[in-house]
Amino acid sequence: MSLPEQPATFRPASQPERPWRWRLEDGAGTEVVLDGDAATEYGEQAFANQGDAESWIGEIWAELAELGVAQVTLFEVDREVYGPMSLSV
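Residues numbered from 1 in each chain as written. Predicted model: local features only at pLDDT ≥ 70, side-chain atom pairs only at ≥ 80, totals over all residues. Heavy atoms only, no water.

Asker: Describe the pattern of salt bridges, and please don't skip the residues or the numbers.
Answerer: Side-chain pairs of opposite charge can arise whenever the charged atoms involved come near each other. One pass over the structure, following the stated rule, counts two salt bridges. We note a salt bridge from Glu25 to Arg23, for which the minimum N-O separation is 2.6 Å. Across the pair Glu76 and Arg79 runs a salt bridge whose closest N-O atoms are separated by 2.7 Å. (Salt bridge = Lys/Arg side-chain N within 4 Å of Asp/Glu carboxyl O.)

So this is what it looks like as structure tokens:
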């Protein structure tokens, strides 16, 4: 008598290493896509945790506002955490 083959162990997909990100938006809530050096420096930033994401936006919000970003929304992967948060003084 032989036993059936054991099924592979179920392993949920691992969470991305940097799941936290900010969506940069104009005043109407449309995503702002930066180009050139600004895109490299600010456009595709991702963070390992919420605290790192919040610290980063706290340090560079004025630069983003100068680039035409009026507000930001925080996401963890595809889940909206909060926002929009205005970048005006």
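Asker: Account for the sheet that holds strand S3 (residues 79-86), with residues named and values stated.
Answerer: Strands in a sheet are paired, the pairing made by backbone hydrogen bonds, and the direction either parallel or antiparallel. Pairing is antiparallel across the open sheet formed by three strands, whose spatial order is S1-S2-S3. At either end of the open sheet lies a strand with only one pairing partner, and these are strand S1 (20-25) and S3. Each neighbouring strand pair of the sheet contributes to a mean axis angle of 20°, computed without reference to strand direction. The pairing of strand S2 (residues 71-76) with S3 spans five bridges and is antiparallel. Bridge pairing links Glu76 to Arg79 in S3. Sitting on the sheet, helix H2 (residues 50-66) is in contact with S1, S2 and S3, with an inclination near 25° to S1. (Pairing = 2+ DSSP bridges. Helix = DSSP H or I, 4+ residues; strand = E, 2+ residues; numbered from the N terminus. Axes fitted to C-alpha atoms, helices over the stretch in contact; angles between N-to-C directions. Contact = heavy atoms within 4.5 Å.)

Asker: Just give me the short version of H2, but keep the residues and values in it.
Answerer: Each full turn of the α-helix corresponds to 3.6 residues, which orients residues three or four apart in the same direction. In this model, H2 (17 residues) spans 24 Å end to end at C-alpha, consistent with the 24 Å of a helix rising 1.5 Å per residue. Along H2, the sharpest kink reaches roughly 60°, centred on Ile60. Those residues of H2 that fall on the buried side of the exposure criterion are Ala53, Trp56, Ile57, Ile60 and Leu64. Buried-residue contacts for H2 involve S1, helix H1 (36-43), S2 and S3. Its side-chain oxygen placed 3.2 Å from the backbone nitrogen of Gly51, Asn49 serves as the N-cap of H2. Phi turns positive, to about 100°, at Gly68, one or two residues after H2. (Expected span 1.5 Å × (residues − 1). Bend = angle between axes of the 7 residues up to and from the residue. Buried < 20%, exposed > 50% of the residue type's maximum accessible area, 1.4 Å probe, protein only. Polar contact = N/O pair within 3.5 Å; in protein donor to acceptor, adjacent residues only side chain to side chain.)

Asker: Lay out unusual backbone geometry in plain terms, naming residues and giving numbers.
Answerer: Following Gly83, the chain continues into Pro84 via a peptide bond in cis, with omega recorded as 5°. Positionally, Pro84 belongs in strand S3. With phi around 55°, Val77 is a residue other than glycine that occupies positive phi space. Of note, Val77 is situated in the loop between S2 and S3. For Val77, a relative accessible area of 38% puts it in the partly exposed group.

Treat this as a map of the structure, not an account of what it does.
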